[in-house]
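Structural characterization, general
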Amino acid sequence: MSEILDGIGGPADLRRLDEKGLERLAAEIRALIVDVVSKNGGHLSPNLGVVELTLALHYVFDAPRDKIIWDVGHQCYTHKILTGRREEFRSLRRSKGLCGYPDRRESAYDVYNTGHASTALSAALGLAVSRDRKKEGHHVVAVVGDGSLTGGVAWEALNQIGHLRERLIIVLNYNEMSISPNVGALSKYLTYLASGQHYLRIKDHAKLLLKSIPGLGPRVIKYGRAFEDLIKKTFFPGLVFEELGIKYIGPVQGHSLPSLIEVFNEAKTYDGPVLVQCVTQKGRGYPPAQANPEKFHGSSPFDPATGEPLRKGKIPSYSAVFGRTMLKIAAGDDKVVAVTAAMPDGTGLGAFARTHPDRFFDVGIAEQHAVNFSAGLASCGLKPVAAIYSTFLQRAYDQVYHDVCLQDLPVVFALDRAGIVPDDGPTHHGVNDIAYLRHMPNMILMAPRDENALQHMLHSALGYGHPAAVRFPKCPGLGVKIDREFKPVPLGRAELLRNGRHLVLAYGSMVTPGLAAARRLAREGLSLAVADARFAKPLDEELILRFARPGRTIITLEEGVLAGGFGSAVRELLDRKGRFEVKVFSIGLPDVPLPVGTREEIQALYGLDVKGLARRIRGVFCEAGGRVPGRRATGGRKHRPGAGGGRSVRKR
Ligand SMILES: Cc1ncc(C[n+]2csc(CCOP(=O)(O)OP(=O)(O)O)c2C)c(N)n1
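Residues numbered from 1 in each chain as written. Predicted model: local features only at pLDDT ≥ 70, side-chain atom pairs only at ≥ 80, totals over all residues. Heavy atoms only, no water.

Along the protein chain, the regular secondary structure elements total 24 helices and 17 strands. Evaluated residue by residue, the protein chain yields a buried proportion of 58% over its 652 residues. Of all intrachain contacts in the protein chain linking residues separated by at least 6 positions in sequence, the fraction that spans at least 24 positions is 76%. (Helix = DSSP H or I, 4+ residues; strand = E, 2+ residues; numbered from the N terminus. Buried < 20%, exposed > 50% of the residue type's maximum accessible area, 1.4 Å probe, protein only. Contact = heavy atoms within 4.5 Å.)

Okay, here's the thing in C-alpha cells:
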C-alpha cells in the first residue's frame with residue numbers, strides 16, 4: 001500500500017521521484033493521514049489540503065538547512081511524515097507520542113513552535129534577519145493560511161517585511177476557510193486574487209510571445225519579468241502585497257505538483273520578500289472531509305469508511321450547553337450579542353449564529369479586536385458575550401485591561417477550553433486565565449462545577465453590570481439535570497457542600513473530584529468540609545474566614561497554574577485579614593509547558609484526579625506532623641510533578 005512512502009527516509013529521497021512517483025506518494029500520505037487521524041483524532045481537512053504543497057516545498061527547498069515555518073502548525077502532518085517521523089506518526093497526539101504541532105524538541109526540521117495563529121510571518125522575518133547578519137545563505141519559508149492572515153499580528157509582520165525587504169518566501173495557503181468559512185473584507189480580496197485565471201492566461205500568452213522572439217537572453221527574461229509586473233499592475237491595480245513591497249506570485253493550483261515546483265523554484269530566485277498564493281482544497285482526497293471540511297478541521301476518532309464519529313457521547317459538552325444557554329438568554333433579552341474569533345462552532349455558537357445572524361459577530365482570527373469590539377458594543381448598552389478559548393484570550397490581555405476593565409464595561413467572557421485541554425499539547429492548555437484575569441480591576445471570575453451551574457452563571461454574569469469571565473473545560477458535562485428557569489448566583493458567594501473541620505475549597509471543575517476525595521478520606525477519619533468556591537473573584541470571604549482558625553487547614557483546588565491563581569487569592573485574603581494561624585495548601589498546576597495527553601492522563605500526572613487529590617490531601621496532614629486517624633503517618637513525601645511543592649504548606 002505504501003511502497004513509495006516506505007522508501008522515504010527524508011526530503012532528499014523525494015528528488016529521486018518523477019512526477020508520477022510524487023503523485024503516488026501524495027496518495028499514500030493521504031491514506032496514512034486518514035488512517036491515523038481516524039484512530040487518534042486530529043486536524044484532518046487542513047492536512048489533506050496541503051499534501052502536494054508540502055511535497056513541493058520539501059522537493060524544492062533543502063530543509064533543515066532551509067527553514068520552513070508553519071503558521072498555527074496544525075497542517076504539519078505531511079512535513080512530519082517526510083522528515084523522518086513516518087513510523088512515529090502512529091503515535092500522533094498520544095501521550096509521549098508525536099505532537100500535533102511543530103515541536104523543536106522533536107526534530108531539527110521543526111524550526112519554530114506554533115499552535116496559535118498568525119505568528120509565522122514575524123518569526124520568519126526574525127530568522128531571515130538573523131541569517132543575513134550571520135551571512136548565511138539559506139531560504140526562509142513561512143506557510144500561512146488565509147484564515148491566519150486575518151490576524152492582526154500577521155499584518156504587523158507584513159508591514160515590517162515590506163519595509164526591510166529581506167529575502168523571505170511566504171506561501172499563502174488559500175482555501176477560503178478558516179475553521180469555518182473565512183469572513184471579512186480581506187478574505188473577499190484574496191478570493192478576488194485567487195480567481196485571477198484570466199491573469200494566468202494573459203501571463204502565459206505573454207511568456208509564449210517572449211519565447212518566440214529569437215535571441216532570448218537574460219536581458220529579455222528580465223524584460224519578461226518587468227512585462228509580467230506591468231500586466232499585473234495594469235489588470236490588478238492596487239495589488240496589496242505588491243504595494244507593500246512584497247512580490248506577488250500566483251494564484252497557483254495548489255494540488256498540481258509541477259506548478260508548485262515551478263513557482264517555488266521561481267520564488268527562490270528573488271532577492272526580497274515574495275508571496276506565493278496557492279489555491280488548495282481543504283479535505284482534498286477524502287470525500288467526507290471534502291464535503292464537510294469544517295467538521296473535519298479538528299476531528300475526534302471516526303470510521304474511515306463512512307466518516308462517522310466512533311464515539312458519540314450522550315452527555316452534552318460544556319460548549320454545547322453554553323451555546324444552548326446563549327439561545328435561551330437571547331430569547332429574553334435583545335441586547336445580548338455574541339462575539340467569536342473564528343470559532344463559531346467550536347464555541348457552540350453555531351445555532352445562535354443561525355437564529356440571530358444580526359446579533360452574531362465572527363471577527364476572524366482576531367482576539368484582540370474581538371475584545372476591543374466587545375468593549376465598544378458594551379459602552380453603548382449592548383451586552384456582548386465574547387466566547388474565546390482560554391488559551392487564545394491570552395492574546396488580548398491588554399484589551400481586557402485597557403478597554404474592558406479600566407472602563408468597567410460589562411463584557412462577559414465565556415472562556416471555553418479552560419484547564420487541561422486534551423491531545424493538542426502545550427499551546428492549547430487553558431491554564432493561565434485565572435492568573436491573567438484575577439488582577440484586572442472590576443473583573444468578576446467564576447467557574448461552574450457542572451453544566452447546570454454554567455447556565456446559571458452565564459445568565460447572572462450578564463446581570464452583574466461589570467466585566468465577568470466564566471471558565472469551563474473541554475469535556476462533556478456531568479450529565480446533571482438542566483433547570484428550566486435561571487437561578488441567580490449571588491455575587492461572591494460560595495456553596496458549602498459538605499461540613500467538616502478542615503476546608504477543601506474547590507474551584508469549577510475541581511469541585512466534583514474534590515468532593516469524591518473528601519469522601520474517601522472521611523472513611524480514613526479525616527474531617528473535611530467541601531465548598532464550591534464558584535468565584536475566584538470576589539472570594540466568599542465570610543466562608544473562608546470561618547475556617548481560618550488555629551489548628552485548621554484550608555486546601556484549595558484549581559485546574560490552572562498555581563502562580564497567581566485561585567489558591568494565591570485565598571492566601572492574599574488571609575494575609576490581608578491577618579489570619580496567619582491557618583495552614584493553606586494549594587493544589588493546581590505548575591508553570592511548566594504541559595504535555596500532550598488526554599485530560600485524565602494529565603490530571604493523574606499532576607495529582608488532580610480523585611486518587612491524586614486523596615493522596616496529596618492525606619499527605620498534608622501526615623506532613624504537618626499529625627497522624628491521619630486510622631492510618632500510620634508515612635513521613636516525608638516524594639516530589640511529584642506539580643505537587644505544588646511541600647512548601648505550599650505554610651505555617652506562620
Ligand atoms: C490565536 C488563535 N486563535 C484561534 C485559533 C484556532 N484555529 C486553529 S486553526 C484555525 C483556522 C486557521 O485557518 P487557516 O490559517 O486558513 O488554515 P486552514 O485550517 O484553513 O488550513 C483557527 C481559527 C488559533 N490556533 N490561534
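Following the structure, the description resumes.
Here the idea is simple: oppositely charged side chains can pair when their charged atoms come close. Tallied over the entire structure, the rule returns 31 salt bridges. Close ionic contact of Arg85 with Asp110 constitutes a salt bridge, the shortest N to O distance being 2.8 Å. Note that Arg85 is positioned in the loop between α4 (77-82) and α5 (120-133) and Asp110 in the loop between α4 and α5, a separation of 25 residues in sequence. For Asp110, a relative accessible area of 3% gives the class buried. Lys577 is the partner of Glu541 in a salt bridge, and the nearest nitrogen-oxygen pair spans 3.6 Å. Placement of the pair is Glu541 in helix α21 (residues 541-547) and Lys577 in the loop between α22 (566-576) and β17 (583-589), with a sequence separation of 36 residues. For Glu541, a relative accessible area of 30% gives the class partly exposed. A cluster of three or more residues bridged by salt bridges with shared partners is formed by Lys80, Arg85, Glu106 and Asp110. (Salt bridge = Lys/Arg side-chain N within 4 Å of Asp/Glu carboxyl O.)

Another point: the sheet that holds strand β5 (residues 273-279). One open sheet holds the five strands; their spatial order is β1-β2-β3-β5-β4, and the pairing between them is parallel. Across the chains shown, the open sheet's two edge strands, defined by having one partner strand only, are β1 (67-70) and β4 (247-253). Direction aside, neighbouring strands of the sheet carry axes that sit 20° apart on average. Of the pairings in the sheet, the one linking β4 to β5 comprises five bridges and is parallel in character. (Pairing = 2+ DSSP bridges. Axes fitted to C-alpha atoms, helices over the stretch in contact; angles between N-to-C directions.)

What follows deals with helix α6 (residues 152-164). If you check α6, its first and last C-alpha atoms are 19 Å apart, about what 13 residues at 1.5 Å a residue would give, namely 18 Å. Turning to α6, its buried residues number three or more, namely Ala154, Ala157, Leu158, Ile161 and Gly162. Across the axial projection of α6, the buried residues extend over an arc of 135°, all falling on one side. Facing away from the buried side of α6 by over 90 degrees, the exposed positions are Glu156, Asn159 and His163. Next to the buried residues of α6 lie α5, β3 (168-174), α10 (240-243) and β5. Once α6 finishes, Arg165 follows within two positions and takes phi at roughly 55°, a positive value. (Expected span 1.5 Å × (residues − 1). Arc of directions from axis to C-beta.)

This part covers the environment of Ala123. Within the secondary structure, Ala123 sits in helix α5. Of the residues examined, Ala123 reaches a relative accessible area of 9% and is grouped as buried. Considering only alpha carbons, one finds Ala123 and Val140, 17 residues apart in sequence, at a separation of 9.9 Å.

Another point: the site of the ligand. Inspection of the region around the ligand gives 23 residues, with His74, Gly147, Ser148, Lys282 and Glu367 positioned closest. Contacts to the ligand include Met177, whose backbone N or O atom sits 2.9 Å from an oxygen atom. One of the side-chain N or O atoms of Glu367 is found 2.6 Å from a nitrogen atom in the ligand. Starting from 580 Å² of accessible surface for the ligand in isolation, the protein chains cover 98%. (Near = heavy atom within 4 Å. Polar contact = N/O pair within 3.5 Å; in protein donor to acceptor, adjacent residues only side chain to side chain. Areas by Shrake-Rupley, 256 points an atom, 1.4 Å probe, with all protein chains shown as cover.)

Glancing now at unusual backbone geometry. Look at the link from Ala63 to Pro64: it is a cis peptide, with omega at 5°. The topology assignment puts Pro64 in the loop between α3 (51-60) and β1. Omega for the peptide link from Gly250 to Pro251 comes to -5°, which places this bond in the cis form. For Asn442, which is not a glycine, the phi torsion comes out positive at approximately 70°. Considering the arrangement of structural elements, one finds Asn442 in the loop between α18 (433-438) and β10 (444-446).

So, about empty space enclosed by the protein. One pass over the structure, following the stated rule, counts five cavities of 30 Å³ or more. The wall of the largest cavity is formed by Ala418, Ala447, Pro448, Arg471, Phe472, Pro473, Tyr507, Gly508 and Ser509. Counted by class, the lining of the largest cavity contains six nonpolar, two polar and one charged residues. (1 Å grid on protein atoms, 1.4 Å probe; cavity = no way out; pocket = protein on both sides within 12 Å on 5 of 7 lines; lining within 4 Å. Points joined across faces, edges and corners; volume = space filled by probe spheres on them. Nonpolar A, V, L, I, M, F, W, Y, C, P; charged D, E, K, R; others polar.)

What follows deals with the sheet that holds β17. Here we have five strands laid out as an open sheet, ordered β12-β14-β13-β16-β17, and mixed in their pairing. What marks the edges here is a single partner per strand, and that holds for β12 (495-498) and β17. Neighbour-to-neighbour, the strand axes of the sheet open up by a mean angle of 25°, direction not taken into account. Bridge count for β12 against strand β14 (residues 528-532) is three bridges, and the pairing is antiparallel.

By the secondary structure assignment, His139 is in the loop between α5 and β2 (140-145). Residue class for His139 comes out buried when judged on its relative accessible area of 13%. At 3.2 Å, the side chain of His139 and the side chain of Arg167 are in polar contact. The contact partners of His139, leaving out residues within four places of it in the chain, are Phe61, Asp66, Lys67, Arg131, Arg167, Ile169 and Lys268.

For the pair helix α1 (residues 19-40) and α3, the least separation of the axes is 10 Å and the interaxial angle reads 125°. Comparing the axis directions of α1 and α3 gives the class oblique. As α1 runs across α3, the sense of the crossing is right-handed. In contact with Leu22, Leu25, Ala26, Ile29, Arg30 and Ile33 of α1, α3 contributes Val51, Glu52, Leu55 and Tyr59. Residue composition of the contact of α1 with α3, by class: eight nonpolar, no polar and two charged. (Parallel < 35°, antiparallel > 145°, perpendicular 65-115°, else oblique. Left-handed = near helix turned anticlockwise from the far one by under 90°.)

To continue, consider the environment of Leu257. Within the secondary structure, Leu257 sits in helix α11 (residues 257-268). C-alpha of Leu257 to C-alpha of Lys20: the two residues are 237 residues apart in sequence and 9.8 Å apart in space.

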